[in-house]
Amino acid sequence: MLRAERYRHFVEYFSKNQPEAETELHYTNPFELLIAVILSAQCTDKRINQVTPTLFARFPTPESLAASTPDEVFTYIRSVSYPNNKAKHLVGMAKMLVEVFHGVVPSDINELQKMPGVGRKTANVIASVVYDAPAIAVDTHVFRVADRIGLTTNARTPLAVEKQLVKYLPTETLAIAHHWLILHGRYICVARSPKCEICPISWFCRYYERNNTETALLKAEALKVKKIKDAKKKKENNAMHKALKKRSVDKNI
C-alpha cells in the first residue's frame, strides 16, 4: 500500500471514530497545561492528574510559582519521574513567564522553547492545544505508532517524524492527529505487545502487514510443528528414562 493511501485511511478512520480526541491531562488554563505537560515527560498522564490538583491550588498563577522554590515545589511532585529537575524547571519557567512574557503563555513555538523544561514537544502541545496552531508534538507514542502504521519511513528522530507528518497530513488535522496517535499507542498499539487482534486499523497498518504475510504465517506454522515435535520427543525421552530406571531397580532386586 502506498503511503498516501495509508494517510488517507488514517485520517478517514479517526475523523469518523475519534472526531473530538483531546489530551487526557487535566487543566483549566494555558498556565496549568504548561505545568502539566512539563511534568508529563517520561511519566503517565494518570500520575500527573493525581498530583496537579494540589499543585494548582498552591500555585494558581505564574507569579505565585515564580515566588516559590524548587524545594517547596518538590513536596508537591515527589511522586512523578525526575521530581528534582522538574521542580527546578517549573520555578524557572514561571520566573521567565513573569519577567519576559508578562505572565502570558506565548503562542510561538520558538518563544516557548526559551523557558526551562520546555522542549519542542511541549512547545508543540501548547501551540496546538491552546492556540490551535498547525503543529504536531512527537512523543514516544507518536514516534512508535506513526512508524508502525507506515505514516513515516526511516524517521530516526522526533524532528524527522514531525517533518514527515507535517508534510503528509492535512494541515487542519495536525493538532488532533497528535491525540489520535497518542491514544492509539496508549491503549491498542502498545510498545511491547501491540493488540493487533483488536486493532480497527490493522487492515492498512504496515506493521500488521509485515507480520501477517504468507511467509510470516508459514514460519509461524513451521515453528508450531517444531514445538509439537520437540514436545513429543521430550515425552519419549522421559518415558525411556523411566523405563531404564525401572529396569535398573528390578535388576538390583
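Structure: above.
Everything quoted here is computed from the prediction, not taken from an experiment.

Student: Lay out the overall build of the protein chain in plain terms, naming residues and giving numbers.
Tutor: Check the secondary structure of the protein chain and you find 13 helices and 0 strands. Ordered by position in the sequence, the α and β elements of the protein chain form the string α-α-α-α-α-α-α-α-α-α-α-α-α. Taking 253 residues into account, the globule formula puts the C-alpha radius of gyration at 18 Å, and the protein chain, at 26 Å, lies well above it. Each principal axis of the C-alpha distribution contributes one length, and for the protein chain these read about 95 × 50 × 30 Å. When each of the 253 residues of the protein chain is scored for burial, the buried share is 39%. The contacts in the protein chain between residues at least 6 apart in sequence include a share of 61% that link residues at least 24 apart. Just so you have it, the protein chain exposes about 14900 Å², and 55% of that area is on carbon and sulfur atoms. Separation of charge centres in the protein chain, based on 38 positive and 25 negative side chains, amounts to 15 Å.

Student: Requested: an account of the packing of helix α2 (residues 30–39) against helix α8 (residues 120–131), with residues and values cited.
Tutor: At a minimum axis separation of 10 Å, α2 and α8 run at an interaxial angle of 150°. Classified by chirality, the crossing of α8 by α2 is right-handed. Facing Pro30, Leu33, Leu34, Val37 and Ile38 of α2, the residues of α8 in contact are Thr122, Val125, Ile126, Val129 and Val130. The residue inventory of the contact of α2 with α8, partitioned by class, reads 9 nonpolar, 1 polar and no charged.

Student: Summarise helix α1 (residues 3–17); cite the residues concerned and give the values.
Tutor: With 15 residues, α1 extends 21 Å between its outermost C-alpha atoms, agreeing within 8% with the 21 Å of an ideal straight helix rising 1.5 Å per residue. Turning to α1, its buried residues are Arg6, Tyr7, His9, Phe10, Val11 and Phe14. Buried residues in α1 make contact with α9 (140–149), α10 (158–168), α11 (174–187) and α12 (206–211).

Student: Break down the nonpolar core for me, citing the residues and quoting the values.
Tutor: Judged by nonpolar contacts, the single largest core of 37 residues is most densely connected at Ile35, Leu65, Val73, Leu90 and Met93. Elements that contribute at least two residues to this core include exactly α2, α3 (45–58), α4 (62–66), α5 (70–77), α6 (83–99), α7 (109–112) and α8. Leave out the neighbours within four places in its chain, and leucine 90 touches Ile35, Ile38, Leu39, Leu55, Leu65, Val73 and Ile77. Of all hydrophobic cores here, the second largest spans 28 residues; its members include Val161, Ile176, Leu183 and Ile188.

Student: Provide a residue-level description of α9, including the pertinent values.
Tutor: With respect to burial, α9 is a largely interior element, 7 of its 10 residues being buried. For α9, the complete set of buried residues consists of His141, Val142, Arg144, Val145, Ala146, Arg148 and Ile149. Here the buried face of α9 lies against α1, α10, α11 and α12. Where α9 begins, the side chain of aspartate 139 points an oxygen toward the backbone nitrogen of histidine 141, at a separation of 3.1 Å. Note on α9: the residue one or two positions beyond its end, glycine 150, has a positive phi of about 110°.

Student: Tell me about unusual backbone geometry, residues and numbers included.
Tutor: Its identity is not glycine, yet aspartate 132 carries a phi of approximately 55°, on the positive side. Relative to the helices and strands, aspartate 132 is located in the loop between α8 and α9. Since its relative accessible area comes to 66%, aspartate 132 is described here as exposed.

Student: Can you break down the state of the cysteines residue by residue, with the values?
Tutor: This model, assessed by the stated rule, comprises 0 disulfides. This cysteine, cysteine 189, is not joined by any disulfide, and cysteine 205 carries the nearest cysteine sulfur, 6.2 Å off. Its relative accessible area of 9% is what places cysteine 189 among the buried residues.

Student: Break down the pattern of salt bridges for me, citing the residues and quoting the values.
Tutor: Under the definition given, this model contains 9 salt bridges. With a shortest N-O distance of 3.7 Å, glutamate 209 and arginine 6 are connected by a salt bridge. Here arginine 6 lies in helix α1 and glutamate 209 lies in helix α12, a separation of 203 residues in the sequence. Notably, a salt bridge pairs glutamate 162 with arginine 120, separated by 2.8 Å at the nearest N-O pair. In this pair, glutamate 162 sits in helix α10 while arginine 120 sits in helix α8, placing the two residues 42 residues apart along the sequence. Linked by salt bridges that have partners in common, Glu24, Asp45 and Arg186 make up one network.

Reading the values: the criteria
Residues numbered from 1 in each chain as written. Predicted model: local features only at pLDDT ≥ 70, side-chain atom pairs only at ≥ 80, totals over all residues. Heavy atoms only, no water. Helix = DSSP H or I, 4+ residues; strand = E, 2+ residues; numbered from the N terminus. Rg over C-alpha atoms; globule rule 2.2 N^0.38 Å. Buried < 20%, exposed > 50% of the residue type's maximum accessible area, 1.4 Å probe, protein only. Contact = heavy atoms within 4.5 Å. Areas by Shrake-Rupley, 256 points an atom, 1.4 Å probe, with all protein chains shown as cover. Lys, Arg positive; Asp, Glu negative; His and termini not counted. Charge placed at Lys NZ, Arg CZ, Asp CG, Glu CD. Axes fitted to C-alpha atoms, helices over the stretch in contact; angles between N-to-C directions. Left-handed = near helix turned anticlockwise from the far one by under 90°. Nonpolar A, V, L, I, M, F, W, Y, C, P; charged D, E, K, R; others polar. Expected span 1.5 Å × (residues − 1). Core = buried A, V, L, I, M, F, W, Y, C linked by side-chain atoms within 4.5 Å. Polar contact = N/O pair within 3.5 Å; in protein donor to acceptor, adjacent residues only side chain to side chain. Disulfide = S-S within 2.5 Å. Salt bridge = Lys/Arg side-chain N within 4 Å of Asp/Glu carboxyl O.

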